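The chain contents come next:
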Amino acid sequence: MRKATFIVMLGIAVAVVAGMSPIKWKTTSIDLGQVAKNEMKELTFEFTNTSGSSIQILEAKGSCGCTDVKYPEGEIKAGETASISANFQSGKVGAFKKNIRIKTSESEEYTYLYFNGEVVE
């Protein structure tokens, strides 16, 4: 009984924390499928500011030099939709999983956006 109660309480706590995020992402993961070697792929992660005030993206950085990230540099007003885009330059043949680390003015925690696929000849 104690274990079941703990699991329920943990689930509620996770839901509360997830609901506090100032950004609602359309998706946080993109599967690029097969990508030709040395091909440039563009990705777009759309989001909405669900907080009651303006926020700012302070940092958006790819997990490697193969990913060039662009993000809105000004304030994103409450209710406004914007996007983070990235250009991924494929290289070594094989499966890959990369991420983009996001920091906002409204949270001390980083948000991670993921993309994956397989580079083929």
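Peer 1: Please clarify how the sheet that holds strand β3 (residues 40-49) should be interpreted in this entry.
Peer 2: Sheet strands pair by backbone hydrogen bonding; their relative direction is either parallel or antiparallel. The antiparallel open sheet is built from 4 strands, whose spatial order is β1-β3-β6-β5. Only two strands of the sheet have a single neighbouring strand rather than two, namely β1 (23-25) and β5 (67-70). Between one strand axis and the next, the sheet turns through 25 degrees on average, direction left out of account.

Peer 1: Honestly, the pattern of salt bridges in this entry has me stumped. Any pointers?
Peer 2: Pairs may arise between side chains of opposite charge once their charged atoms sit close together. Evaluated as defined, the whole model comprises 3 salt bridges. Between Arg101 and Glu59 there is a salt bridge whose closest N-O contact spans 2.6 Å. Remark: Glu59 occurs in strand β4 (residues 57-62) and Arg101 occurs in strand β7 (residues 94-104); sequence separation between them is 42 residues. Taking the shortest distance from any N to any O, the salt bridge between Lys70 and Asp68 comes out at 3.1 Å. The partly exposed category is assigned to Lys70, whose relative accessible area is 48%. On the basis of relative accessible area, Asp68 is assigned to the partly exposed category, the value being 40%.

Peer 1: Looking at this structure, I do not really get the pairing of β5. What am I missing?
Peer 2: It is a general feature of regular strands that their side chains alternate between the two faces of the sheet. Residues Thr67 and Val69 of β5 are buried on one face, while the alternating residues Asp68 and Lys70, pointing to the opposite face, are not. Bridging between β5 and strand β6 (residues 81-89) involves 4 bridges; their strand directions are antiparallel. Across the sheet, Lys70 pairs through a bridge with Ser85, a residue of β6.

Peer 1: Before we go on, may I ask you to explain the side chain of Ser51 in this structure?
Peer 2: Take Ser51: it is sitting in the loop between β3 and β4. A polar side-chain atom of Ser51 sits 2.7 Å from a polar atom in the side chain of Asn49. In terms of polar contacts, Ser51 uses its side chain to reach the backbone carbonyl oxygen of Ser53, at 2.7 Å. The contact partners of Ser51, leaving out residues within four places of it in the chain, are Pro22 and Ala78.

Scoring rules and cut-offs
Residues numbered from 1 in each chain as written. Predicted model: local features only at pLDDT ≥ 70, side-chain atom pairs only at ≥ 80, totals over all residues. Heavy atoms only, no water. Pairing = 2+ DSSP bridges. Helix = DSSP H or I, 4+ residues; strand = E, 2+ residues; numbered from the N terminus. Axes fitted to C-alpha atoms, helices over the stretch in contact; angles between N-to-C directions. Salt bridge = Lys/Arg side-chain N within 4 Å of Asp/Glu carboxyl O. Buried < 20%, exposed > 50% of the residue type's maximum accessible area, 1.4 Å probe, protein only. Polar contact = N/O pair within 3.5 Å; in protein donor to acceptor, adjacent residues only side chain to side chain. Contact = heavy atoms within 4.5 Å.

None of the figures reported here should be taken as evidence of function without further support.
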